[in-house]
Amino acid sequence: MLDSKLIEENMLEVKKKLDSRGAEFDFDQFSALDLGRKEIIKKVEELERERNLGSKKVGELMREGKKDEAGALQEDMKQLSSQIKDLGELRSKAEEEFRNFMLTIPNLPNDSVPQGKSEEDNKEIRKWGEPRKFDFEPKDHIELGSTLDILDLDRAAKITGARFALYKGLGARLERALINFMLDLHTNEHGYKEILPPFMANTDSFIGTGNLPKFEEDLFKIEDTNYYLIPTAEVPVTNIHRDEILKESELPIKYVAYTPCFRSEAGSYGKDVRGIIRQHQFNKVELVKFSNPDSSYEEHESLTENAERVLQLLGIPYRVVVLCTGDMGFSSAKTYDIEVWVPSEETYREISSCSNFEDFQARRASIRYRPSEGGKTRFVHTLNGSGLAVGRTVIGILENFQESDGSVTIPEALVPYMGGVTKISN
RNA sequence: GGAGAGGUGGCCGAGUGGUCGAAGGCGCUCGCCUGCUAAGCGAGUAAGGGGGUUAUUCUCCUUCGAGGGUUCGAAUCCCUCCCUCUCCGCCA
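Residues numbered from 1 in each chain as written. Chains lettered and ligands numbered in written order. Predicted model: local features only at pLDDT ≥ 70, side-chain atom pairs only at ≥ 80, totals over all residues. Heavy atoms only, no water.

## Re the sheet that holds strand β12 (residues 378-379)
Strands in a sheet are paired, the pairing made by backbone hydrogen bonds, and the direction either parallel or antiparallel.
In step 1: A sheet is described by the order of its strands in space; here three strands give the open sequence β5-β11-β12, paired in mixed fashion. Bordering the open sheet on either side are β5 (244-247) and β12, each of which pairs with just one other strand.
In step 2: In this sheet, β12 lies alongside strand β11 (residues 367-370) in antiparallel orientation, the contact comprising two bridges. In the strand pairing of β12, tyrosine 369 is matched with arginine 378. (Pairing = 2+ DSSP bridges. Helix = DSSP H or I, 4+ residues; strand = E, 2+ residues; numbered from the N terminus.)

Spelled out as structure tokens, the structure:
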């Protein structure tokens, strides 16, 4: 959520920034809602003040034994009270309307974000590793997975439906190895605390991160509850500190969490239908930070580097792009995507998205800190990034490290996690 | 699932209709004091919103799990929901 005072004071700049990301913003509606809200607050509070004074007076008169006077005053206050009640309803309505309006406005892009309309305008920042030159026709992960009998999409479809995966044998082991490898790396070497959160979260949590109220169709909802399956660990982990006031000395707080992720992928039909690129359920290790606002952009860089480190240790080529204003997610102020090289497609595919949300989520979720030198509380900055999406890492390993005989070499760093297995073959 | 007890400030905890945004304690901050440390003494210490000033000061409203109700007035009485604890049942 944006700061309404900031909008009032910088309307032109806000409009320009929202335009740059292709978002509509009706400033007239904003002003009308904001002014209407303030006006009614003023009225209600005046009446409440009158009532408080009157009620106090009634108490005094009663104690002094002036029953008649007290009774008369009570009658007046009765009138006032019902007036306050009516106005109070209008007030709640006005405040709710205003909040609902504010909840649908996306975050403002940071000034360092390149202008652009779509994916096409994203800018490559850096590349790591050389895509391998194959002296044979490389297979895609679907063929490799089924030939090696480690990935069975047909049976997954039977069990559940399209866009689910069944891993078997060393395939299942590989998924588990990667999860453990990533968690160990981030906890032991990058200083994150491991979290295992619930895989469902309630409405308030989803509002906090910005998934609701606008993107409900992307989620799986649990019937007869206000719970949804999480589409990423970002939701439960960011909400760990919802409605809390942290100490400045605790910052930055760094969490890493493995969770399955559930996405209905509404609106993506026809896209990436083959294989395990886009699934309704996938595993992900997520990095989340709560940062001092003054250093959140340094934290953003280091978080991205922490995620990249996984691919470096595995030896998979990748590149980092900064998303342009038009391609960023709703809550983000700046996002780097990490993309792995996928030989069968001869292109880079997203494997991690690392974002700084500044105070956008913190304001929605009310996550604040008290400055060490005292004074008013401030909103923290929240950040997160995949470190990494596990299924897509499997694709990277299968496709990049395949041999001409259809076997796959396990990256050295992963061998201990595979129980010493160095190769998957028939 | 059944029975009971509870949810109060950073924490513990008192408070059953008005002088309660809330005793007391702990913690924290500042000052004093004492060779040092500890102890002691004194003062301060919730958040959000509106108005005013915009540097500070000021003022009003709201908030005692959430929402609704009774009342001139609710932390306190009533209803619904959520959560925690104890016992019983069930269970990986």
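## Remarks on the nonpolar core
In step 1: Leu174, Leu178, Ile397 and Leu414 are the most contacted members of the largest nonpolar core, which totals 48 residues.
In step 2: Of all the secondary structure elements, the ones that give two or more residues to this core are α7 (170-189), β7 (281-291), α10 (296-314), β8 (318-322), β9 (334-342), β10 (347-356), β13 (381-389) and α12 (390-400).
In step 3: The element that contributes the greatest number of residues to this core is α7, accounting for eight residues.
In step 4: Phe27, Leu33, Leu103 and Leu212 belong to the second largest nonpolar core, which has 26 residues in total. (Core = buried A, V, L, I, M, F, W, Y, C linked by side-chain atoms within 4.5 Å. Buried < 20%, exposed > 50% of the residue type's maximum accessible area, 1.4 Å probe, protein only.)

## Quick notes on α7
In step 1: A rise of 1.5 Å per residue sets the reference length of α7, with its 20 residues, at 28 Å; its end C-alpha atoms lie 27 Å apart and thus fit the reference within 8%.
In step 2: When we look at burial in α7, the residues that qualify are Gly171, Leu174, Glu175, Ala177, Leu178, Ile179, Phe181, Met182, Leu183, Leu185 and His186.
In step 3: Contacts from the buried residues of α7 go to β2 (193-195), β6 (253-262), β7, α10, β13 and α12.
In step 4: Count one or two residues on from α7 and you reach glycine 191, which has phi positive near 75 degrees. (Expected span 1.5 Å × (residues − 1). Contact = heavy atoms within 4.5 Å.)

## Quick notes on the protein's contact with RNA strand B
In step 1: The full set close to RNA strand B counts 23 residues, and Glu48, Ser55, Ser81, Arg370 and Thr377 are the nearest of them.
In step 2: Here glutamate 48 contributes a side-chain N or O atom positioned 2.6 Å from a sugar or linking oxygen of RNA strand B.
In step 3: One nitrogen or oxygen atom from the side chain of arginine 51 is found 3.3 Å from a phosphate oxygen belonging to RNA strand B.
In step 4: Elements represented by at least two residues in the surface near RNA strand B include exactly α3 (27-63), α4 (67-103) and β11.
In step 5: Considering each element in turn, the surface near RNA strand B owes the most residues, 13 residues, to α3.
In step 6: The residue inventory of the surface near RNA strand B, partitioned by class, reads four nonpolar, six polar and 13 charged. (Near = heavy atom within 4 Å. Polar contact = N/O pair within 3.5 Å; in protein donor to acceptor, adjacent residues only side chain to side chain. Nonpolar A, V, L, I, M, F, W, Y, C, P; charged D, E, K, R; others polar.)

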